[in-house]
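# Descriptive analysis of the structure
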Amino acid sequence: MAYKTVFEPFKIKTIEPVGWTTAEERKKRLDQAHHNLFLVPAEAILIDLLTDSGTAAMSTRQWAALMEGDESYAGSRSFERFRRAVQDIFGYTHVIPTHQGRAAERILFGVMCKKGDYVPNNTHFDTTRANIEFVGAEAINLPIPEGKQPASLHPFKGNMDVAALEELIDRVGPSKIPLVILTITNNSGGGQPVSLENIRAVKAVCRRHSIPLYFDACRFAENAYFIKQREPGYSSKSARAIAQEIFSLGDGCTMSAKKDGMANIGGFLCTNDDSLAQQEENLLILTEGYPTYGGLAGRDLEAIAIGLNEALEEDYLHYRVASTAYLGRHISSEGVPIVQPPGGHAIYLDARSFLPQISPESFPGVALACELYLAGGIRSVEIGTLMFGSNATMDLVRLAIPRRVYTQSHIDYVIEVILDVWKRREELRGYRITHEAPFLRHFTAHLEPL
């Protein structure tokens, strides 16, 4: 008999206490943090859903692998194991380790992009956009129309609008587009997957115009599993085989191993281009470290090598996707507006629909995120007008679930808090900025309630 309960495919071997606080303490902490949840200390957080980046619980195999770490400056055994693990899945010729994904982005765009260039993506995330703009290029979002509609049901809302890509190339010329990027899964678009059909269509456009195709591969395993579940012809294929097929269509990738690498730090940059790799390694040496460690300890390389393979285990992926959907299903059944269908790593609350009385200029996502913290000590993140300014097409609050950290009872508590705030939603008011940085302002901005 097939039972309905989906439980965690692991046992808990060590624990960490959570930070209990009172409502009065949380209000004081939020005031001190200028109403920016990034500035609230972790000790004052009960359930931390700010990000799934670097917050995973490592496995016993990963902890054991740390002891195998070879800390040699050059040519360490740990790098060789890391490179083999990456190449077995991603298949690219050159594997360049970095301390995290944004370092790989900075090196990639620093080498490939210049002022006046355009870089299309299904949807750029914050650091991707910032690194592109830092070198003077323009980051262009080309999601399909369904990707801009939180409530619409589409199995692959993360897809790129291929016709819009063709139009951009015709308008600016292929010489102005040094690369095309596909983010899998589409984080800023609600954690939505990209289909292999769409990847092939984008690749065909890139091939016709001799433009390289790169992947932002942070959540590649989750994307592969959604393809297995939803795309015709792939149900009998393994997530590993699907991932290998995805990357065979690209010319390279960036990766934050803090997501589907199941590690607490690390990332890498891959390419098949020998000349680019040489330039990228030169910049790596200048800013990160030697090409066989790239700003990481040998033990971190070992943890990533194990984690990349664990992320593709299908018992884990089934639990991961089902447990995220559990949260989305329970709140949406009570009327809470979310990005549908639920993604793999997070549930995204549609703050504009949740709080229609607050205009985008008054940051409804910030208001909702702050209230979730005040009500129940839950930390989330706004993905909307504060993060992206005029480029925001939606105001979302992301509840990113760390891998292998929280149990179903934790998620049940999150559901209770969200439903309590939903009942009181008409009471909430917007915010205004009192201080902001020129780049990535959401990390350090100061706000105050209106």
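This write-up is about the structure you can find in this document. (Residues numbered from 1 in each chain as written. Predicted model: local features only at pLDDT ≥ 70, side-chain atom pairs only at ≥ 80, totals over all residues. Heavy atoms only, no water.)

Let's shift gears to the pairing of strand 6 (residues 213-216). On strand 6, burial covers both faces: Leu-213 and Phe-215 on one face and Tyr-214 and Asp-216 on the other are all buried. Strand direction decides the pairing type here: strand 5 (residues 180-183) and strand 6, joined by four bridges, are parallel. Residue pairing for strand 6: Ile-181 is matched across the bridge by Tyr-214. This β-α-β element, strand 5 to helix 7 (residues 196-208) to strand 6, shows right-handed connectivity. As defined by bridge partners, strand 6 adjoins strand 7 (residues 252-256) across three bridges and the pair is classed as parallel. Residue pairing for strand 7: Asp-216 is matched across the bridge by Thr-254. (Buried < 20%, exposed > 50% of the residue type's maximum accessible area, 1.4 Å probe, protein only. Helix = DSSP H or I, 4+ residues; strand = E, 2+ residues; numbered from the N terminus. Pairing = 2+ DSSP bridges. Right-handed = clockwise from strand over helix to strand, strands pointing away.)

Applying the stated criterion across every chain, the model contains 15 aromatic pairs. Between the aromatic rings of Phe-79 and Phe-82, the centroid separation amounts to 6.2 Å while the plane-to-plane angle is 40°, which identifies the pairing as tilted. Pair noted here: Phe-79 and Phe-82 are both in helix 3 (residues 77-90), with a separation of three residues, about one helical turn. An aromatic cluster of at least three residues, connected via ring pairs, comprises Phe-79, Phe-82, Phe-90, Tyr-92, Phe-215, Phe-220, Phe-247 and Phe-268. One residue, Arg-425, lies across the ring of Trp-422, its end atom 3.6 Å from the ring centre. (Phe/Tyr/Trp six-rings, centres within 6.5 Å; stacked < 30°, edge-to-face > 60°. Lys NZ or Arg CZ within 6 Å of the ring centre and 35° of its normal.)

Strand order in the open sheet formed by three strands is 9-12-11, with antiparallel pairing between adjacent strands. Both edges of this open sheet fall to strand 9 (346-350) and strand 11 (381-383), since each of them pairs with a single strand only. Neighbour to neighbour, the strand axes of the sheet diverge by 35° on average, direction disregarded. Judged from the five bridges that link them, strand 9 and strand 12 (residues 396-400) form a sheet pairing that is antiparallel. Looking at strand 12, one finds that Ile-347 is bridged to Leu-399. Of the strands in this sheet, strand 9 and strand 12 touch helix 12 (residues 314-332), which is tilted by about 25° from strand 9. Packed on one face of the sheet, helix 14 (residues 364-376) meets strand 9, strand 11 and strand 12 and runs near 40° to strand 12. (Axes fitted to C-alpha atoms, helices over the stretch in contact; angles between N-to-C directions. Contact = heavy atoms within 4.5 Å.)

Next up on the list: the pattern of salt bridges. Taken as a whole and assessed by the stated rule, the structure comprises 30 salt bridges. For Asp-52, the salt bridge is made with Arg-320, and the minimal N-O distance between the two is 4.0 Å. Of this pair, Asp-52 sits in the loop between strand 1 (47-48) and helix 2 (60-66) while Arg-320 sits in helix 12; the two residues are 268 residues apart in sequence, bridging distant segments of the chain. Of the two residues, Asp-52 and Arg-320, both sit in the buried class. Notably, a salt bridge pairs Arg-77 with Asp-70, separated by 3.5 Å at the nearest N-O pair. Taking relative accessible area as the criterion, Asp-70 reaches 11% and is therefore assigned buried. Several salt bridges share partner residues, and in doing so they unite Asp-52, Arg-219, Glu-222, Asp-260, Arg-320 and Arg-403 into one network. (Salt bridge = Lys/Arg side-chain N within 4 Å of Asp/Glu carboxyl O.)

Time to look at the packing of helix 3 against helix 11 (residues 298-310). Remark: helix 3 packs on helix 11, axes separated minimally by 8 Å, with the N-to-C direction vectors making an angle of 25°. In this view, helix 3 runs roughly parallel relative to helix 11, as classed from their interaxial angle. Considering the relative orientation of helix 3 and helix 11, their crossing is left-handed. Here Ser-78, Phe-79, Arg-81, Phe-82, Ala-85, Val-86, Ile-89 and Phe-90 of helix 3 come into contact with helix 11, specifically with Gly-298, Leu-301, Glu-302, Ile-304, Ala-305, Leu-308 and Asn-309. Class assignment of the residues belonging to the contact of helix 3 with helix 11 gives a composition of ten nonpolar, three polar and two charged. (Parallel < 35°, antiparallel > 145°, perpendicular 65-115°, else oblique. Left-handed = near helix turned anticlockwise from the far one by under 90°. Nonpolar A, V, L, I, M, F, W, Y, C, P; charged D, E, K, R; others polar.)

What follows covers the layout of surface pockets. The calculated volume of the largest pocket comes to roughly 1300 Å³. Lining the largest pocket are 37 residues, and of these Thr-14, Ala-56, Ala-57, Arg-404 and Val-405 sit closest to its centre. When residues of the lining of the largest pocket are traced back to their parent elements, those giving at least two are strand 1, helix 2 and helix 12. Examining the composition of the lining of the largest pocket, we find that three residues originate from one element, helix 2, more than from any other. Considered class by class, the residues forming the lining of the largest pocket number 19 nonpolar, nine polar and nine charged. Considering only enclosed or pocket space, the second largest pocket measures out at about 470 Å³ in volume. Along the walls of the second largest pocket sit 28 residues, with Thr-51, Ser-53, Arg-102, Phe-125 and Lys-259 positioned nearest its centre. Elements that contribute at least two residues to the lining of the second largest pocket include exactly helix 4 (101-112), helix 5 (126-134) and strand 7. (1 Å grid on protein atoms, 1.4 Å probe; cavity = no way out; pocket = protein on both sides within 12 Å on 5 of 7 lines; lining within 4 Å. Points joined across faces, edges and corners; volume = space filled by probe spheres on them.)

At the junction of Ile-184 and Thr-185, the peptide bond is cis and its omega measures out at -10° in the coordinates. For Thr-185, the location among the structural elements is in the loop between strand 5 and helix 7. Omega for the peptide link from Gln-340 to Pro-341 comes to -10°, which places this bond in the cis form. In this structure, Pro-341 sits in the loop between helix 12 and strand 9. In this structure, Phe-363 takes a positive phi of about 60° despite not being glycine. Looking at where Phe-363 falls in the secondary structure, it is placed in the loop between helix 13 (351-354) and helix 14. The class of Phe-363 is buried, set by a relative accessible area of 5%.

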